[in-house]
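Inside the fold
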Amino acid sequence: MKFNIELISPLIIKDSNELFPIDFFIYDNNSVYRVDIDTTISNISNNKKLLDEFNKIIRMDNPTQQLNDFYSRLEKLNLLSKIYPSIRIDNKEFIKQQNISNYIGFFKTINSKVYYVPYIPGSTIKGAIRNALMYKILKEKKTMYYKNINKDKYIKQNVCEGIKEDIKETKNKKFLNNIEKQIFSYNSKSKDLSLYDIFKYVQITDFIPNNMEKISIGIYPIISHRRNYLNLVLSGQFEGEISINKSLKNQIIKNENKELLEDRLKNLFALEENEINKMPENFGEIERKIILNLLATLQEFTKDNISKYPERYPKININNDTKSYYSFLGSGKGVNLNTVLLALSTTVLPALSTEDRKKVYSKDFPPKTYSLAIINNEYYKPGYVKISLSQSGE
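The model shown is predicted, which means the values in this text are computed figures rather than measured ones.

As a rule of thumb, non-glycine residues mostly have phi less than zero, and peptide bonds are mostly trans rather than cis. Following Tyr 84, the chain continues into Pro 85 via a peptide bond in cis, with omega recorded as -5 degrees. Within the secondary structure layout, Pro 85 lies in strand E5 (residues 82–89). Although it is not a glycine, Asn 78 adopts a positive phi angle of roughly 60 degrees. With respect to the helices and strands, the residue Asn 78 is situated in the loop between helix H3 (64–76) and E5.

So, about the pairing of strand E11 (residues 216–223). Most of E11 sits inside the fold, with 7 of its 8 residues counted as buried. Note that E11 and strand E15 (residues 372–375) share 2 bridges and pair antiparallel. Its bridge partner lying in E15, Ile 222 is registered against Ala 373.

The next thing to look at is the side chain of Thr 124. For Thr 124, the position within the fold is in helix H4 (residues 122–139). If near-sequence neighbours (up to four positions away) are discounted, Thr 124 is found in contact with Ile 13, Leu 329 and Gly 330.

Let's shift gears to the nonpolar core. Membership of the largest hydrophobic core comes to 75 residues, with the highest contact counts inside it found for Ile 120, Ile 198 and Phe 269. With 9 residues, the top contributor of residues to this core is H4. Core analysis: the second largest hydrophobic core is formed by 12 residues, Phe 25, Ile 37, Ile 57 and Phe 70 among them.

In the structure shown here, the tally under the stated rule is 14 aromatic pairs. Considering the side-chain rings of Phe 184 and Phe 199, the 6.0 Å spacing of their centres and the 50 degrees angle between planes classify their relative orientation as tilted. Here Phe 184 is found in helix H6 (residues 174–184), whereas its partner Phe 199 is found in the loop between H6 and strand E9 (202–204), with 15 residues between them in sequence. Each member of the pair, Phe 184 as well as Phe 199, is classed as buried. Centre to centre, the rings of Tyr 326 and Tyr 384 are 6.0 Å apart; their planes meet at 35 degrees, and the pair counts as tilted. On the criterion of sequence distance, the pair formed by Tyr 326 in strand E14 (residues 324–328) and Tyr 384 in strand E17 (residues 384–389) is long-range, its members being 58 residues apart.

With that out of the way, let us pick up the packing of H4 against helix H10 (residues 283–308). Two elements in contact, H4 and H10, have axes whose closest approach is 8 Å; the angle formed by their N-to-C orientations is 70 degrees. As far as their axial angle goes, H10 and H4 are roughly perpendicular. Mapping the contact onto sequence places Ala 128, Ile 129, Asn 131, Ala 132, Leu 133, Tyr 135, Lys 136 and Lys 139 in H4 and Leu 294, Leu 295, Thr 297, Leu 298, Phe 301 and Asp 304 in H10. Across the contact of H4 with H10, the residue classes break down as 9 nonpolar, 2 polar and 3 charged.

Turning to the confidence of the model for the chain, a few remarks are in order. Taken residue by residue, the chain gives an average pLDDT of 81. The fraction at 70 or more is 77%. Averaged pLDDT values over the elements of the chain bottom out at 60 in helix H5 (residues 152–168) and peak at 97 in E9.

For the coordinates displayed, the defined rule picks out 10 salt bridges. Its salt-bridge partner being Lys 82, residue Glu 75 comes within 2.7 Å of it at the nearest N-O pair. Residue Arg 264 pairs with Asp 263 through a salt bridge whose shortest N-O separation is 2.7 Å. Salt bridges sharing common partners tie together Arg 130, Glu 180 and Asp 197.

Tracing the chain through its elements places Ser 31 in strand E4 (residues 31–35). A residue is classified by how much of its surface remains accessible, and Ser 31, at 10% relative accessible area, is buried.

With that settled, consider the pairing of strand E7 (residues 105–110). Both E7 and strand E8 (residues 113–118) contribute to a ladder of 6 bridges, which runs antiparallel. For Phe 106, the partnering residue across the bridge sits in E8 and is Val 117. With antiparallel pairing between neighbouring strands as the criterion, E7 and E8 make up a hairpin whose turn holds 2 residues, including Asn 111 at a positive phi of roughly 50 degrees.

Conventions and cut-offs
- Residues numbered from 1 in each chain as written.
- Predicted model: local features only at pLDDT ≥ 70, side-chain atom pairs only at ≥ 80, totals over all residues.
- Heavy atoms only, no water.
- Helix = DSSP H or I, 4+ residues; strand = E, 2+ residues; numbered from the N terminus.
- Buried < 20%, exposed > 50% of the residue type's maximum accessible area, 1.4 Å probe, protein only.
- Pairing = 2+ DSSP bridges.
- Contact = heavy atoms within 4.5 Å.
- Core = buried A, V, L, I, M, F, W, Y, C linked by side-chain atoms within 4.5 Å.
- Phe/Tyr/Trp six-rings, centres within 6.5 Å; stacked < 30°, edge-to-face > 60°.
- Axes fitted to C-alpha atoms, helices over the stretch in contact; angles between N-to-C directions.
- Parallel < 35°, antiparallel > 145°, perpendicular 65-115°, else oblique.
- Nonpolar A, V, L, I, M, F, W, Y, C, P; charged D, E, K, R; others polar.
- pLDDT = per-residue confidence, 0-100.
- Salt bridge = Lys/Arg side-chain N within 4 Å of Asp/Glu carboxyl O.

Quick look at the structure:
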């Protein structure tokens, strides 16, 4: 099924590259262009005077003004290669930053101009839906973590200590991994979640802009655990596809863990037993229902976040549009562990003794993944999007 994603607030999805002062040409007081350095150097490679001047400038301690003057001269000589679209700014202070995080994207030539095309990775959308499913199952108390919940010993060992260790550990989060296996695995005997993860059948392509002329990009400060400048996508629409791998229907026919598989399909994909039985011969209709159920779960998770912490979501209103789905995507939305903590905060954590509660609610609890964008002196929660069926068809 084809979907559109429309940005309601600025979107942050960083890549591993950083931008530096040498990358920018200040076009006017409100916008800049990125410079295609390699092409620009190639353009002046036969002009020793210009090439020597450029090499001298970039060796200066603070070459911002000199670089901009140099780029201005090259533009008049038609030797400057700019990358489109232009980038909006609120001030020039960001140029002094030595580590501006770049938005994930790729280069593409359109009508003889080089564009940096931002996109939304399918993995980002899939991760958001997975978080929402984890939250739903934990909130509905459908895992073993709710057995014997009032026994302090059990809670202390499996929840309190588990959360504390996961907050300290950056890579191997045992507590979180154990919860994920309980929620998504349809083989209780296998220790390898990747082999029997029901969510692997959900396939989401990267979402690409459907019109680059409507994409707006800007560099603005972000406040999280530290203040930084980031390259944000301010507005635009993206298009991609969400589908369910057809091999899922084969698992229903032959899987030896049928009871557990059906449990996952009911609880995660919101299917009725008769729909599960009909899947092999009526896959298209069931696929559509699964996808729309997943997006509905994502929206419910978003609503719960906003209602629980309204102060964290300035300028965000819960929309009751019945034809679309609203959620947060990209950096700043939180991580899996925060999702688990949000769900447990209304169930497991209140049952902790005062002593154990203090051990969990330390200065590192919850993890610091919250962020706000500052645009024209106003605060915005990044990544609020509207997801709707594409008019171009399914």
